[in-house]
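Below are the chains, spelled out letter by letter.
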Amino acid sequence: MTRRSLPLPLAPLEYRRDGRPIYPVLGASPEDESNKPGDDGGAPNGSVTQEHLSRLLAREKTQGGPP
């Protein structure tokens, strides 16, 4: 039994009817260290907690009121 190889990341998988290429979606592996939460038990690097996001959205809502 032969194992099917993965597509090249920058090679189009197929083409749309209008000729535009369709590229594969690339993402981090679950085993990738950059995908793990920080040592403080908080949110992973580059993300925000739900509480922090709620505060940011509330602040934007109050600042974006009618003039």
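Residues numbered from 1 in each chain as written. Predicted model: local features only at pLDDT ≥ 70, side-chain atom pairs only at ≥ 80, totals over all residues. Heavy atoms only, no water.

Asks: Outline the confidence of the model for the chain, supporting the account with residue identities and numerical values.
Replies: In the predicted model, the chain carries a mean pLDDT of 75, and the fraction of residues at 70 or more is 66%. At the low end of the mean pLDDT range in the chain sits helix α1 (residues 50–63), at 86; at the high end sits strand β1 (residues 14–15), at 91. (pLDDT = per-residue confidence, 0-100. Helix = DSSP H or I, 4+ residues; strand = E, 2+ residues; numbered from the N terminus.)

Asks: How would you summarise the pattern of salt bridges if you had to cite specific residues and measurements?
Replies: As enumerated under the stated definition, the model contains 1 salt bridge in all. A salt bridge links R20 to D18, with the shortest nitrogen-to-oxygen separation between them at 2.8 Å. A residue is classified by how much of its surface remains accessible, and D18, at 53% relative accessible area, is exposed. (Salt bridge = Lys/Arg side-chain N within 4 Å of Asp/Glu carboxyl O. Buried < 20%, exposed > 50% of the residue type's maximum accessible area, 1.4 Å probe, protein only.)

Asks: Which residues make up the environment of V25, and what are the values?
Replies: Counting through the fold element by element, V25 comes out in the loop between β2 (21–22) and α1. Classification of V25 as exposed rests on a relative accessible area of 82%. Along the primary structure V25 and L10 are separated by 15 residues, whereas in three dimensions their C-alpha atoms are 9.9 Å apart.

Asks: Quick rundown of the environment of L26? Include the residues and the values.
Replies: Considering the arrangement of structural elements, one finds L26 in the loop between β2 and α1. In sequence terms L26 and L10 are 16 residues apart; their C-alpha atoms lie 9.8 Å from each other.

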